[in-house]
Each structure stands twice: as C-alpha cells, then as structure tokens.
Amino acid sequence: MTENVWTRWPSPEALGRMGLSQPRRLLSWVVRVLVAGGLLWGAVSSRRIPLWGQVVAAVGVLVVAAAAWAFFRTTLAHRLLPSLALIAVLLGTAVVAEATGFKVPALVIWCGCAVVALERMPLTVATPVTAVSLTAYSLVNDDKLLTTIVTSIGLALAGYVLRLDAEARGNAQRLLAQERAARAAEAESAALAERARIAREIHDVLAHSLSAQLVHLEAARLLVERGADREQILERVVAARGMARDGLVETRQALSALRGDLTPLEDFLSELVGVSGGAEVTVSGERRPLPAEASQAVRRVAQEALTNVRKHAPGAKVRIRLDYGEHQVMLDVRDSGGKPGELAAAGGGYGLLGMRERAELLGGSLEAGPHEEGFAVTLKVPV
C-alpha cells in the first residue's frame, strides 16, 4: 500500500544531516548566521530606539532562533502538534515585530516559515502554513504587485525543491544502508558456505578412511578372540595402517584444496590410478583449470568409485574417462565386474549418496548403477 504523498512526513534521513557533504554543511551554517545577523541588524537599525529597546529586540531574535531550532528538532521527530505550535510562535513573533515597527525581521521570518514548512512538514499542513506566511509577506511588502507575486512563487518553489532534494538524499541514504546490509549478509552467507565446504571435505575424508579402518580393526579383534594365526592378524593390522596412511594423504589433499593449492586434475587421476592399479585414464576435450568446488567433486567421486571397485569387484579392470565439455566436465568410471571382495559389506552405502548431494549443490548430477559388464559411475558438473 503506497503512503499518501500529502500526509506523509519527509523521512528522518531527509530531515537529518546524514549524507550532507562538508561544503553543504558549511553553506547551511553560513546561511543561518546571515539570517540571524540580518534579523538582528534589521531589529536595531530599522529606526532609532533606546538601548533597552535594542536589548529587547536582541532577545526577540534569540527567541526566534530558539524556536526555529526547536522546530527543526520536532519535525525531525515527526511531532506534528509541537511543530505547529512552534511555527505559530514564529508567525506570531513576525506579527508583533511588524506591529512594533520591525518590518525587515518580520518579512524575513514570514519568508523563512514559508520555505521550511514546505521543506520539513507534511504537505497537508505545510501548504496552509506557507499560504498564510506568503499572504502576510505580500500584504506588508512595499514592492510592486508583480514583484511580490514572483517572489512569493519563487519562495514556494524553493521550499518544495529543497524538500525534493532532501527526500532524494534520504532515499540515497536508505539505499546505501540496504546495500551495506546486503553486503554484510552476502559476506556472512559466503562464510557459512565456506564452512559447509570445509565440513564436506572433512566428512568425505573421515568417512572414507575411518570406516575402512574400523572394518579391518574389528576383523583383527575377532581374529584375536578366535586365536587365529599371527599372519592373519598382522594382515588386518597392516591393511588398517594402509587405510590410515591413505586417509592422511587424502587429508593433506583436502587441506591443499581448501587453500586453493590443487594439483592438475589429470595428474591427480594418474596418481590415483597408480595407487589403485588395474585402471586406465582417458582425457578428452580442451584441458583447462576448473573451479575449486567442481575439481574437488571430480576428485572425490573418482576416489569413491575406485574404493567401491576394490570393495565389490577386486581385480576388475577399470576405465576412467574425463571429458572437458564446453559447459560441463564429465567423469565416467566403469569396471568390468567380478566377485565381491571381503570388504563388500564395509560402510553404509552413503559414499555415493554424499557425492550425489555434492554434485546437486553444484547444479550437476551423478548417476551410479550396473551396466553391461559391471558397475558405472557418471558425474556431470557445470563449469
């Protein structure tokens, strides 16, 4: 619902000093000093008056200045009745000044009231106040009728233009505050996203290595309880140590990724295949650096896919194809199938689920399922 332009106040940002440049603030103070000096000079020089009369005139100028200052404060707080009372005091003071022969101060007060009322009050109230002020000015002024009319119209336009300028400045201040709030929210969101990325990296490393270690250590415990051969127990312990070593390597790789210090994706896949053995890597398309999130997704899916091959089809041949498309990168990992290994029951099946969630967060997709010979995992990530 749009607020009525006739009944709304100028915003506090428009009525305040915020957003005013130093030259404009200096000019504002110069104008105030000149107006106060003009009032005082007009009061003491309009005619010959005794010393006590000059003192009374000076006190009257101070009263007008105090009422004007209070008017500025009440309009800033959007207090209608006190603002009307203060503007009435100023208009009444001008009438008294005119009645006692201080014509110049009276004219200055009426002109000032006409301008500031349009600048700082709701238009439904400011319009009659300005009309009364300019009517009093026109009746008292000795200039020609046309000059008086033009001056009155100019004063009204000046007040309205000052109002528009103040509202424009207030809108700019509000937009600036909103922009700052948006930037702060964006920075907070980026920090939360980075924390989530770190959490995913840590989770992927720990879930991948610790679960396998737990399986081997649990098997070693059972062998000890059953009194199995030393070689069987040692085999399990050595396998758990190997898993811990691999987990440490993956942790270092994850930390390097978080620092942005990533090895080329092709080199990573070659190293991964060299550790796993029995796999070949094919790279197609124009090779180029990938965003950190996309690169990590490809690395994690490749690791998870080869781990699943070791679990479910040890000894199977594996083909890894990395394709750099124009708008996406695709990783396809396929194995030739085989009999399930002794670690087939390890883990809860959450590895590929986590990889699928990671791909979806990046706007991509992950498909995993059997094909003609064995099992296939296909990741597509937009870049």
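Residues numbered from 1 in each chain as written. Predicted model: local features only at pLDDT ≥ 70, side-chain atom pairs only at ≥ 80, totals over all residues. Heavy atoms only, no water.

**Q** Before we move on, could you go through the overall build of the chain and cite the residues and values that matter?
**A** Counting its secondary structure elements, the chain contains 11 helices and 5 strands. Evaluated residue by residue, the chain yields a buried proportion of 37% over its 383 residues. The contacts in the chain between residues at least 6 apart in sequence include a share of 69% that link residues at least 24 apart. For the chain, the accessible surface area stands at approximately 22,200 Å², while carbon and sulfur atoms represent 63% of it. (Helix = DSSP H or I, 4+ residues; strand = E, 2+ residues; numbered from the N terminus. Buried < 20%, exposed > 50% of the residue type's maximum accessible area, 1.4 Å probe, protein only. Contact = heavy atoms within 4.5 Å. Areas by Shrake-Rupley, 256 points an atom, 1.4 Å probe, with all protein chains shown as cover.)

**Q** Which residues make up helix 10 (residues 292–312), and what values do they have?
**A** Compared with an ideal rise of 1.5 Å per residue, which puts 21 residues at 30 Å, helix 10 spans 30 Å between its outermost C-alpha atoms and is within 8% of the ideal. Buried residues dominate helix 10, accounting for 18 of its 21 residues. (Expected span 1.5 Å × (residues − 1).)

**Q** Lay out the side chain of Asn308 in plain terms, naming residues and giving numbers.
**A** Tracing the backbone shows Asn308 in helix 10. Given the relative accessible area of 15%, Asn308 is considered buried. Not counting chain neighbours up to four residues away, the residues in contact with Asn308 comprise Ala313 and Leu352.

**Q** Provide a residue-level description of unusual backbone geometry, including the pertinent values.
**A** Not every positive phi belongs to a glycine, and His78 is a case in point at roughly 60°. Within the secondary structure, His78 sits in the loop between helix 3 (51–76) and helix 4 (80–99).

**Q** Pulling in residues and values, what's your account of the pairing of strand 4 (residues 365–370)?
**A** As defined by bridge partners, strand 4 adjoins strand 5 (residues 375–382) across 6 bridges and the pair is classed as antiparallel. By the bridge assignment, Glu367 is partnered in strand 5 with Thr378. Hairpin connection, strand 4 to strand 5: the antiparallel pair is bridged by 4 residues. (Pairing = 2+ DSSP bridges.)

**Q** Give me the lowdown on the pattern of salt bridges, citing residues and values where you can.
**A** Pairs can form between side chains of opposite charge whenever their charged atoms are close. Per the stated rule, a full pass over the model turns up 8 salt bridges. The partner of Asp142 in a salt bridge is Lys103, and the shortest N-O contact between them spans 2.1 Å. One end of the pair, Asp142, is in the loop between helix 6 (123–140) and helix 7 (145–226); the other, Lys103, is in helix 5 (residues 103–120), and 39 residues separate them in sequence. Asp142 sits in the exposed class, given a relative accessible area of 62%. For Lys103, a relative accessible area of 24% gives the class partly exposed. (Salt bridge = Lys/Arg side-chain N within 4 Å of Asp/Glu carboxyl O.)

**Q** Lay out the nonpolar core in plain terms, naming residues and giving numbers.
**A** Core analysis: the largest hydrophobic core is formed by 31 residues, its most contacted members being Phe71, Ile87, Leu90, Ile109, Trp110, Cys113 and Met121. Elements that contribute at least two residues to this core include exactly helix 3, helix 4, helix 5 and helix 6. Beyond its immediate chain neighbours, meaning those up to four positions away, Cys113 contacts Ile87, Leu90, Leu91, Val129 and Ser133. Grouped together as the second largest cluster of nonpolar side chains are 29 residues, Ala297, Val309, Leu352 and Leu379 included. (Core = buried A, V, L, I, M, F, W, Y, C linked by side-chain atoms within 4.5 Å.)

**Q** Can you lay out the packing of aromatic side chains for me, pointing to particular residues and giving the numbers?
**A** All chains considered together, the criterion is met by 1 aromatic pair. Between Arg299 and the ring centre of Phe268, over which it is positioned, the NZ or CZ distance is 5.1 Å. (Phe/Tyr/Trp six-rings, centres within 6.5 Å; stacked < 30°, edge-to-face > 60°. Lys NZ or Arg CZ within 6 Å of the ring centre and 35° of its normal.)

**Q** Tell me what's going on with the sheet that holds strand 5, and back it up with residues and numbers.
**A** Strands in a sheet are paired, the pairing made by backbone hydrogen bonds, and the direction either parallel or antiparallel. One open sheet accounts for 5 strands, arranged 1-2-3-5-4; its pairing is mixed. Two strands lie at the open edges of the sheet, namely strand 1 (279–285) and strand 4, each paired on one side alone. Geometrically, the sheet is characterised by an average inter-axis angle of 10° between neighbouring strands, direction not taken into account. (Axes fitted to C-alpha atoms, helices over the stretch in contact; angles between N-to-C directions.)

**Q** For the pairing of strand 2 (residues 318–324), give the residues involved together with the corresponding values.
**A** Of the two faces of strand 2, the one holding Val318, Ile320, Leu322 and Tyr324 is buried and the one holding Arg319, Arg321 and Asp323 is not buried anywhere. Inspection of the sheet shows strand 1 paired to strand 2 by 7 bridges, in the parallel sense. Its bridge partner being in strand 2, Val281 is matched across the sheet by Ile320. Read as a crossover between parallel neighbours, the route from strand 1 over helix 10 to strand 2 is left-handed. In this sheet, strand 3 (residues 328–335) lies alongside strand 2 in antiparallel orientation, the contact comprising 7 bridges. Pairing of Arg321 across the sheet is with Asp332, part of strand 3. (Right-handed = clockwise from strand over helix to strand, strands pointing away.)

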